Amino acid sequence: MRDSASWEPTSYRTHTIGQVSENGASMAGSEVTIAGYAETVRGRGAICFLMLRDGTGHIQAFLKRDNMDEGSFESIQSASRESTIQVTGTVAQKRPPKVAEGEPVPPPEYEVNVSSGTILAEAAAPLPVGVTDDVQVGLDVRLDNRHLDLRRAHVNAMFQLRSKVLQYGRDHLIKEGFQEINSPKIIAAAAEGGTNLFPMKYFETEAYLSQSPQLYKQLAVLGGLERVFEIGPAFRAEKHDTYRHLNEFISFDIEGAWMDDEDVMGVQERMIHHIWTEVSNNDQDLMDVINEYRATQGQDAVTVDVPSLPFPRIPYCDAIEIVKDGGGEIEWGDDIESHHCDLIAAKYPGFHFLPRWPMAMKPFYIHHKEEEKGTTGGQLSRGFDLNYGRDEMTSGGAREHRVDVLEQNLRNMGLEPEDFAFYTDGFRYGAPPHAGWGLGVARLLMVLTGAGNVREVVLFPRDRSRVTP
RNA sequence: GCCCCGAUGGUGUAGUGGCCUAUCAUGCAGCCCUGUCGAGGCUGCGACCCGGGUUCAAAUCCCGGUCGGGGCGCCA
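What counts as what
- Residues numbered from 1 in each chain as written.
- Chains lettered and ligands numbered in written order.
- Predicted model: local features only at pLDDT ≥ 70, side-chain atom pairs only at ≥ 80, totals over all residues.
- Heavy atoms only, no water.
- Domains from an automatic or database assignment.
- Buried < 20%, exposed > 50% of the residue type's maximum accessible area, 1.4 Å probe, protein only.
- Helix = DSSP H or I, 4+ residues; strand = E, 2+ residues; numbered from the N terminus.
- Arc of directions from axis to C-beta.
- Contact = heavy atoms within 4.5 Å.
- Core = buried A, V, L, I, M, F, W, Y, C linked by side-chain atoms within 4.5 Å.
- Patch = residues over 30% accessible without salt bridge, like charges linked within 9 Å, V, L, I, M, F, W, Y side chains within 5 Å.
- Areas by Shrake-Rupley, 256 points an atom, 1.4 Å probe, with all protein chains shown as cover.
- Salt bridge = Lys/Arg side-chain N within 4 Å of Asp/Glu carboxyl O.
- Lys, Arg positive; Asp, Glu negative; His and termini not counted.
- Charge placed at Lys NZ, Arg CZ, Asp CG, Glu CD.
- Pairing = 2+ DSSP bridges.
- Axes fitted to C-alpha atoms, helices over the stretch in contact; angles between N-to-C directions.
- Left-handed = near helix turned anticlockwise from the far one by under 90°.
- Nonpolar A, V, L, I, M, F, W, Y, C, P; charged D, E, K, R; others polar.

A. Representation of the domain arrangement of chain A. According to the domain assignment, chain A contains domain 1 (17-121) and domain 2 (153-457). Here the C-alpha centre of domain 2 lies 48 Å away from the C-alpha centre of domain 1.

Structural data, given as structure tokens:
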């Protein structure tokens, strides 16, 4: 539940439910108006218990037929679950619950003795997914009814954590001198070869949805913005169907001048360290809500283990050896696949960088040094990944700032430098060496919250077969 | 794109050719109970994805479709 201590009153309430339930002792006797969802309504003829929930807490409203207008008493008593209800009344201490012999007496709780109330909007029944039911609902049904799914405490907690993660990440980057930018999402050409783009009609011409801010954040740095970051959508028209892929996702990107791959790996590990530290210090209550739910599902609790710095660095050539030693079939030059990552993760649980990939496997904008060769003599690059377990979180690297090499790289990959003139022209008038990375926000959230599917931590996910709601 | 699996009330499930007029939970409706609080008790409501086929008989077996799940590829 959110901390609402500083929230101002609104037209519909004098206090949040959190403000009342957390300050019951000092507020006892004062009149409040609150509003929320009806979590349960227990009627007993002459009296009625209404459990109300808003985004900040729960509280019981106590209704007595003699104390209020009979019509509104009747309507609230017969209200369906999840209806929104506004009540006005006096804060008072609840009668303590019966406890078994020998059990500890719980601390005093407070309720609102209602003098008037209104149903703001009746909820249809039955609910397509229960908000407080024990039955476990399939993900697809939940996503079809995300508006109700979000009312569940642990789902709500995940999205509050998401907001916190972005906040802490922003705070850290700003502290390191990065400034936030927004790059265009409607573009004329592929930013990187390889991934499929969604075409769209743009007046009389054809355009595409951007699959990465890559080229634009580089242009911002070349232009002198020095250190930039962007948190924005990326679109990929790939027909993948896995727990970790979506066709629209939020990419957390940075780019910095006068930096190489090692420098931006440092930025990344410090940022993740900061995020984990802050969550650990400030948001354990949200983790508790998630863990309460996990316990009901027989899942282990997730803990916020602040990773130590620096993160391990396992150069590509070493990673190949680890996979081979673990019995995996792989050769230098092969991609490191998910089952290979399991072998590496067995040795390096937690976050770990995989730097110095073969140049042939990296996009044209990745920098390489001619003298850096792999174990079989192949050209290495200054591109890296950040993995956690078997999952890739980040892809990044030092960028190629030599325009002649950049154009040769394009040609090597079967692309026409002329098609990228808008980009390569940015390198013709003095380009600072620079580096950066792109981080999948939802993948990071999966690690933090223990979510087994990226869709859990995306509000309205877009995959191959889902464009609604 | 490839491989494997699945579809039963609103939701989650039991079910392995006849015991199915289909189980249980949750939900919903109603009744009982004047302080409940995971409320409780009683009564009721509500389902075999669609289209073909096999069979005396199909929720159950076969084929096709649709939708979903898992794995892989590709990536963040």
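B. View of helix α11 (residues 338-347). Of the residues making up α11, those classed as buried are His-340, Cys-341, Ile-344 and Ala-345. Projection of α11 onto a plane perpendicular to its axis shows the buried side chains occupying an angular sector of 140 degrees, all on one side. Of the surrounding secondary structure, the elements contacted by the buried residues of α11 are α10 (316-325), β12 (351-354) and β13 (383-388).

C. Highlighting the nonpolar core. With 49 residues, the main nonpolar core has Phe-252, Trp-276, Phe-351, Trp-437 and Leu-444 as its most contacted residues. By residue number, the principal contributor to this core is helix α8 (residues 261-282), which donates eight residues. For Phe-351, the residues in contact, after removing those within four places along its chain, are Ile-272, Trp-276, Pro-307, Phe-311, Pro-312, Leu-386, Asn-387, Tyr-388, Met-393, Leu-444 and Val-447. Counting 22 residues, the second-largest nonpolar core is a separate cluster that includes Met-27, Ala-38, Met-68 and Tyr-110.

D. A negative patch on the surface, seen in detail. A grouping of Asp-3, Glu-22, Asp-285, Asp-288 and Glu-292 is seen on the molecular surface, where their side chains present a negatively charged patch. It is helix α9 (residues 284-296) that provides the largest number of residues to the negative patch, a total of three residues. Here Glu-22 is to be found in helix α1 (residues 17-22). Given the relative accessible area of 59%, Glu-22 is considered exposed.

E. Region of interest: the sheet that holds β12. One open sheet accounts for seven strands, arranged β6-β10-β11-β15-β14-β13-β12; its pairing is mixed. With one partner strand each, in any of the chains shown, β6 (179-180) and β12 form the two edges of the open sheet. Strand direction decides the pairing type here: strand β10 (residues 227-235) and strand β11 (residues 248-257), joined by nine bridges, are antiparallel. Each residue of the ladder has a partner; that of Pro-233, found in β11, is Ile-250.

F. Examining the packing of helix α6 (residues 153-175) against α9 more closely. Running from amino to carboxyl end, α6 crosses α9 at an angle of 145 degrees, the nearest separation of the two axes being 8 Å. Where α6 crosses over α9, the handedness of that crossing is left-handed. The segment α6 lies against α9, with Ala-153, His-154, Ala-157, Met-158, Gln-160 and Leu-161 engaging Leu-286, Met-287, Val-289, Ile-290 and Tyr-293. Grouping the constituent residues of the contact of α6 with α9 by class yields nine nonpolar, two polar and no charged.

G. Spatial organisation of unusual backbone geometry. Cis geometry is found at the peptide bond from Ala-125 to Pro-126, where omega equals -5 degrees. Tracing the sequence through the fold places Pro-126 in the loop between β5 (110-121) and α4 (139-144). A cis geometry characterises the amide bond from Leu-309 onward to Pro-310, with omega recorded as -5 degrees. Tracing the backbone through its elements, the reader meets Pro-310 in the loop between α9 and α10. Unlike most non-glycine residues, Phe-203 shows phi in positive territory, near 50 degrees. By the secondary structure assignment, Phe-203 is in the loop between β8 (199-202) and β9 (205-209).

H. Layout of the sheet that holds strand β3 (residues 57-64). Pairing is mixed in the closed barrel, where five strands are placed in the order β1-β2-β3-β5-β4. The average undirected angle you get between the axes of adjacent strands in this sheet is 55 degrees. Across eight bridges, the pairing between strand β2 (residues 47-54) and β3 is antiparallel. By the bridge assignment, Cys-48 is partnered in β3 with Leu-63.

I. The arrangement of the pairing of strand β1 (residues 31-43) in detail. Across seven bridges, the pairing between β1 and strand β4 (residues 84-93) is antiparallel. Counterpart to Ala-35 in the pairing with β4 is Gln-86. Two successive antiparallel strands, β1 and β2, enclose a turn made up of three residues, where Gly-45 displays a positive phi of approximately 85 degrees.

J. Molecular detail of the pattern of salt bridges. Under the counting rule described, the total for this entry stands at 35 salt bridges. The closest approach of N and O atoms between Arg-152 and Asp-149, which form a salt bridge, is 3.2 Å. Exposure class is identical for Arg-152 and Asp-149. Each is buried. For Lys-217, the salt bridge is made with Glu-255, and the minimal N-O distance between the two is 3.4 Å. With a gap of 38 residues between them, Lys-217 in helix α7 (residues 214-225) and Glu-255 in strand β11 connect regions that are remote in the sequence. Side by side, Lys-217 and Glu-255 carry an identical accessibility label, which is buried. When salt bridges that share partners are traced, they join Arg-142, Arg-146, Asp-149, Arg-152 and Glu-456 into one network.

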